[in-house]
Amino acid sequence: MPIVDLFFRWFHLIFALVWVGHNYASFIQHPGFRPFNPQTSEQARNADMEQRMQREHGTFRYASIVVWCTGMGMLWYRGWLEGALSLSGSLAPIGVGAWIGTLMMLNLWLIMWPHQKKVLGFVAASDEERVRCSRITFLASRTNTILSVPLLFFMAAGSHGINLWL
């Protein structure tokens, strides 16, 4: 196995565990929606924000980029990129997985993160806006968690040569 393929595979796997693992951990640790509460004391809000910052930020967002790039890199290196993305023939299952992964990454960076910045106070927002944004980030996170199940199915189906369209 060439070193390039090995690099793509391992980085894809390791960073996928970080990204998807964060989604599942968040789902298990916080199964219900708990909105931002502007009526709490400043000290309690600061403690809550610090806890959210420790739990929510950093590696997992950037892990999504590494996972997406290495996944596309593997498809490109094997000459499968065009066929997978156009859902052609036996590459359709892995292509569906690639499209779901792309939607998950876009959800994280274009929906969840902009709203989460308001909740955490990185971007100025009124208390009402922060409450609204906390609900949006909750739902966007749950969407990614739910999408990870078919994503894993299609990625495994595609990598084992299973043609689901027969």
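Residues numbered from 1 in each chain as written. Predicted model: local features only at pLDDT ≥ 70, side-chain atom pairs only at ≥ 80, totals over all residues. Heavy atoms only, no water.

### Looking at the nonpolar core
(1) Moving on: Among the nonpolar cores identified, the biggest contains 14 residues, and Trp19, Ile100, Met104 and Leu108 are the most heavily contacted of them.
(2) Moving on: Elements with a contribution of two residues or more to this core: helix 1 (3-29), helix 3 (59-77), helix 5 (92-119) and helix 6 (127-159).
(3) Moving on: Ranked by the residues each element gives to this core, the list is headed by helix 5, at 6 residues.
(4) Moving on: With sequence-adjacent residues up to four places away left out, Ile100 is seen in contact with Leu147, Pro150, Leu151 and Phe154.
(5) Moving on: Core analysis: the second largest hydrophobic core is formed by 6 residues, Met72, Leu75, Ala84 and Ala98 among them. (Core = buried A, V, L, I, M, F, W, Y, C linked by side-chain atoms within 4.5 Å. Buried < 20%, exposed > 50% of the residue type's maximum accessible area, 1.4 Å probe, protein only. Helix = DSSP H or I, 4+ residues; strand = E, 2+ residues; numbered from the N terminus. Contact = heavy atoms within 4.5 Å.)

### Remarks on the layout of surface pockets
(1) Moving on: The computed volume of the largest pocket comes to approximately 790 Å³.
(2) Moving on: Forming the boundary of the largest pocket are 28 residues, of which His12, Leu13, Ala16, Met74 and Met155 lie nearest the centre.
(3) Moving on: For the lining of the largest pocket, the elements supplying multiple residues, two or more each, are helix 1, helix 3, helix 5 and helix 6.
(4) Moving on: Classifying every residue of the lining of the largest pocket by side-chain character gives 19 nonpolar, 7 polar and 2 charged. (1 Å grid on protein atoms, 1.4 Å probe; cavity = no way out; pocket = protein on both sides within 12 Å on 5 of 7 lines; lining within 4 Å. Points joined across faces, edges and corners; volume = space filled by probe spheres on them. Nonpolar A, V, L, I, M, F, W, Y, C, P; charged D, E, K, R; others polar.)

### Here's the deal with unusual backbone geometry
(1) Moving on: Despite not being glycine, Leu87 shows a phi value in the positive range, around 55°.
(2) Moving on: The exposure class of Leu87 is partly exposed, given its relative accessible area of 39%.

### Points about helix 3
(1) Moving on: In this model helix 3 runs 26 Å from its N-terminal to its C-terminal C-alpha over 19 residues, within 8% of the 27 Å that 1.5 Å per residue would give.
(2) Moving on: Turning to helix 3, its buried residues are Phe60, Arg61, Ala63, Ser64, Val67, Thr70, Gly71, Met72, Gly73, Met74 and Leu75. (Expected span 1.5 Å × (residues − 1).)

### What about helix 5?
(1) Moving on: Here helix 5 spans 39 Å end to end across 28 residues, near enough to the 40 Å set by a 1.5 Å rise per residue.
(2) Moving on: Following helix 5 by one or two positions, Gly121 has its phi on the positive side, about 85°.

### Focus: the side chain of His12
(1) Moving on: Take His12: it is sitting in helix 1.
(2) Moving on: Looking at His12, its side chain comes within polar contact range of the side chain of Thr70, at 3.0 Å. (Polar contact = N/O pair within 3.5 Å; in protein donor to acceptor, adjacent residues only side chain to side chain.)

### Describing the pattern of salt bridges
(1) Moving on: For the structure on display, the rule yields 4 salt bridges.
(2) Moving on: Arg9 is the partner of Asp5 in a salt bridge, and the nearest nitrogen-oxygen pair spans 3.1 Å. Taken together, the positions of Asp5 and Arg9, both in helix 1 and 4 residues apart, correspond to about one turn of that helix.
(3) Moving on: When its relative accessible area of 38% is taken as the criterion, Arg9 is described as partly exposed.
(4) Moving on: A salt bridge links Glu129 to Lys118; the nearest nitrogen and oxygen atoms lie 3.2 Å apart. With Glu129 in helix 6 and Lys118 in helix 5, this residue pair connects regions lying 11 residues apart in the sequence.
(5) Moving on: Residues joined in a network through salt bridges with shared partners are Asp5, Arg9 and Arg78. (Salt bridge = Lys/Arg side-chain N within 4 Å of Asp/Glu carboxyl O.)

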